[in-house]
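Structural overview for review
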Amino acid sequence: MNSPHTHNGTILLVDDNPTNLQLLFGTLRGLGHKLLVAKSGEDALKVAQWAHPDLILLDILMSGIDGFETCAQLKQNPETRDIAVIFLSALDDTDDKIKGLSMGAVDYIAKPFQAEEVIARVETHLTIARLRTELAERNRQLEAANQPILDSVGDGIYGLDLDGHITFANPAAMQLTGYPNDALIGHSIHELHLYARWDGSPYHFIETGIYQTLKQGIAKQSDSDVFWRHSGDHFAVSWTCTPIKRGGDVQGAVLAFRDITQRKRQEHQLREALAEVESLRDRLQAENAYLQAEVKNEGRFDSIVGESAALKSVLEQVDQVAPTNSSVLIIGESGTGKEAIARAIHDLSPRRDRPLIKVNCGAITPTLIESELFGHEKGAFTGASKQRQGHFELADGGTIVLDAIGERPLDAQVKLLRVLQEHEISRLGSEASIEVDVRVIAATNRDLVEMVEDGSFRMDLFYRLNVFPLTLPPLRDRREDIPLLVAKFLADQARALGRGFSRVSEDGMQLLLSYHWPGNIRELQNVIERAAILARDKVVPIAPHLVYSGIGSPVELAPASAPQILVDDDSFVSLADNEERYIRRVLEHTGWMVAGRGGAAEILDLPASTLRSRMKKLGIERDE
């Protein structure tokens, strides 16, 4: 997270707990920002008054005045009200968050917080504060540059009679409009200047505020009209019309106007700049939210474990394709580590410092997939209350992983093909094209060739994605990696549970090595997690019912607690016979009661449905 920064900000940390201050200081130290501390709300108000920090991290529960009151006083002071405030609190109640945000805070972080989350949010709001400062300075410079132009032109002044005819025109009016004096005097201002709007659509005189001034005797003003010049072009105008009265009767009016084209252009530039700030803020927030999601998921597949020839062959291909920009299609059964391989390709590529955005195509409804991938404009559909960037925009310059690519509907496949071909997207509700530089990695557990043949997947999209296919071996084809994976997952559980596991039992390891693993690495990880939770000693036993999921056609397993049964010639019986005999013994013990308290399923620690399935498979029936 400690990347170079182009802007060093000043951050004020406020907490009456020295431990919390030390933790925050340690988290933010090294980022290049100036850090100030205050141990109370009162001290925070004083420091903020003279230091003018860019950002304040403010604890809510403090002795003296609390965080809410401190924030309120900061916002009441003109010198400190523009400082961004982020609340820090162990209170995670929605009402408290709403209260904090309504008082003017920009964000709310609940304790205990993750260091990555604090850093991400701090950097986001410091960036936004910097952009606002730059925007204000740009506005000031534009105003300073344009003011001499406006002052040198001067205001045009017309005298008008009751019918709106010009009775007087000053030199500035003639200069602004391009009309000579004799072409103005006695002519209608509507016919000369106000006959049409800026787009050329007719403008009836009765609609103008000038007409209302003449008929009602009420002063009017506007900066939303244009005046047409003698040359046929027009300019944005700000005008004020004041009635001339005698004895309470309106005799005419004085119209003062000025050219505000520069101001309108400036406002347009400012709106564009604000839109850019809003867009960047939304992107930062989206990346921040994505980062938080990544932090929560960290550790699930944080490394690729294995020494098998099958895995090494895949990793060699990863080394070859990672430095390129080629599209990659990762093919493998569920749970084989497709996401981990995709991350390895990104981390080894020149795009490693840009976002890696992961999208589960199977988890997005067909009606929302276009909006999720390409974004949408405000009002594009019901509920689209604001503009939203899609995953492809967030991944610009980086990598996007399209997991479960075979689940995309055909109409969405067409738009994805356009991105791959033309490297541009269009938000939903907009025809404007946005160029994106995104590397695409697709992943699937389905047979795309078969889908192409049956018409459920586009052939042209398949060949666009299938530039560099990677086929991941299932776990049953790399059994020599199982001990290494077990060791890793057991170490993960030891850290998570605060336990001191050493290894799994020997018979348990044999069960793991003999099982067919339809769920692959993910299923193995889940088995180890369940076994670790149930374990009482450092050596973790693996019960047969934890291993067998009931999916597919497994290698026959004997219950770990089953006694070793020998035939007369002292040779071991098969695993299936061993299991069948043991289940029969338990059933005979329970009087062939399968379910319920004291039943065979409870003794074997199996679901009753699983036990009945095993009985049917092994041909176990009660003798009549």
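Data block above holds the structure.
Being a predicted model, the structure only gives us computed values, none of them experimental. (Residues numbered from 1 in each chain as written. Predicted model: local features only at pLDDT ≥ 70, side-chain atom pairs only at ≥ 80, totals over all residues. Heavy atoms only, no water.)

Time to look at the side chain of His 346. Here His 346 lies in helix H12 (residues 338–347). His 346 sits in the buried class, given a relative accessible area of 2%. (Helix = DSSP H or I, 4+ residues; strand = E, 2+ residues; numbered from the N terminus. Buried < 20%, exposed > 50% of the residue type's maximum accessible area, 1.4 Å probe, protein only.)

Here we take up the pattern of salt bridges. Oppositely charged side chains are able to pair whenever their charged atoms sit close together. Applying the stated criterion across every chain yields a total of 25 salt bridges. A salt bridge links Lys 312 to Glu 307, with the nearest nitrogen and oxygen atoms 3.5 Å apart. Of the residues examined, Lys 312 reaches a relative accessible area of 41% and is grouped as partly exposed. A network of salt bridges, in which partner residues are shared, links Asp 15, Asp 59 and Lys 111. (Salt bridge = Lys/Arg side-chain N within 4 Å of Asp/Glu carboxyl O.)

Once that is clear, we can look at the sheet that holds strand S2 (residues 34–38). Strands sit in the order S2-S1-S3-S4-S5 across an open sheet of 5 strands; the sheet is parallel. Edge positions in the sheet fall to S2 and strand S5 (107–110), since each of these pairs with one other strand and no more. The sheet shows a mean angle of 20° between the axes of neighbouring strands, taken without regard to direction. Pairing between strand S1 (residues 10–14) and strand S3 (residues 55–59): 4 bridges, direction parallel. (Pairing = 2+ DSSP bridges. Axes fitted to C-alpha atoms, helices over the stretch in contact; angles between N-to-C directions.)

Ordered in space as S12-S13-S16-S11-S17, the 5 strands form an open sheet in which the pairing is parallel. Across the chains shown, the open sheet's two edge strands, defined by having one partner strand only, are strand S12 (356–360) and strand S17 (468–471). Direction aside, neighbouring strands of the sheet carry axes that sit 20° apart on average. Where S12 lies against strand S13 (residues 399–403), 5 bridges are found, and the strand directions are parallel. Residue Ile 357 lies in a different strand from S13, and its bridge partner there is Ile 400.

Taken together, the side chains of Ile 157, Phe 168, Ile 244 and Val 254 make up a nonpolar region of the molecular surface, amounting to roughly 300 Å² of accessible area. Relative to the helices and strands, Ile 244 is located in strand S9 (residues 234–246). (Patch = residues over 30% accessible without salt bridge, like charges linked within 9 Å, V, L, I, M, F, W, Y side chains within 5 Å. Areas by Shrake-Rupley, 256 points an atom, 1.4 Å probe, with all protein chains shown as cover.)

Using the criterion set out here, one finds 8 aromatic pairs in the structure. Between Phe 374 and Phe 392, the ring centres sit 5.6 Å apart and the planes meet at 25°, which makes this aromatic pair stacked. Of this pair, Phe 374 sits in helix H13 (residues 369–374) while Phe 392 sits in helix H14 (residues 391–394); the two residues are 18 residues apart in sequence, bridging distant segments of the chain. The burial state of Phe 374 is the same as that of Phe 392; both residues are buried. Members of the aromatic cluster, joined through ring pairs, are Tyr 158, Phe 227, Phe 235 and Phe 257. (Phe/Tyr/Trp six-rings, centres within 6.5 Å; stacked < 30°, edge-to-face > 60°.)

Alignment of strand S8 (residues 220–228) against S9, held across 7 bridges, turns out to be antiparallel. Residue pairing for S9: Val 226 is matched across the bridge by Ala 236. What sits between the antiparallel neighbours S8 and S9 is a turn of 5 residues, in which Gly 232 has the positive phi angle 100°. In this sheet, strand S10 (residues 249–259) lies alongside S9 in antiparallel orientation, the contact comprising 10 bridges. Bridging from a neighbouring strand, Trp 239 pairs with Phe 257 of S10. The turn linking S9 back onto S10 is made up of 2 residues, and Gly 247 within it adopts a positive phi angle of 60°.

Turning next to a negative patch on the surface. A cluster of acidic side chains, namely Asp 447, Glu 450, Glu 453 and Asp 454, defines a negative patch on the protein surface. For Glu 453, the position within the fold is in helix H16 (residues 448–453). (Lys, Arg positive; Asp, Glu negative; His and termini not counted. Charge placed at Lys NZ, Arg CZ, Asp CG, Glu CD.)

What follows is about helix H20 (residues 520–534). A rise of 1.5 Å per residue sets the reference length of H20, with its 15 residues, at 21 Å; its end C-alpha atoms lie 22 Å apart and thus fit the reference within 8%. Among the residues of H20, Asn 520, Ile 521, Glu 523, Leu 524, Gln 525, Val 527, Ile 528, Ala 531 and Ala 532 are the ones counted as buried. In this structure, the buried residues of H20 make contact with helix H18 (482–497), strand S18 (503–504), helix H19 (506–514), strand S19 (539–540) and helix H21 (544–547). (Expected span 1.5 Å × (residues − 1). Contact = heavy atoms within 4.5 Å.)

Let us now look at unusual backbone geometry. Note the cis peptide between Lys 111 and Pro 112, where omega equals -5°. Of note, Pro 112 is situated in the loop between S5 and helix H5 (115–153). Look at Ala 404: it is not a glycine, yet its phi comes out positive at around 55°. With respect to the element layout, Ala 404 can be found in the loop between S13 and helix H15 (410–422).

We now examine helix H11 (residues 309–321). Given a rise of 1.5 Å per residue, 13 residues ought to cover 18 Å, and the 19 Å separating the end C-alpha atoms of H11 matches this to within 8%. When H11 is considered as a whole, its buried residues turn out to be Leu 311, Val 314, Val 318 and Val 321. Looking down the long axis of H11, one finds its buried residues gathered within 90° of arc, a one-sided arrangement. Facing away from the buried side of H11 by more than 90 degrees, the exposed set consists of Ala 309, Glu 316, Asp 319 and Gln 320. On the buried face of H11, the contacting elements are strand S11 (328–331), H12, strand S16 (439–444) and S17. (Arc of directions from axis to C-beta.)

Without other data, these values stay purely geometric and don't point to any function.
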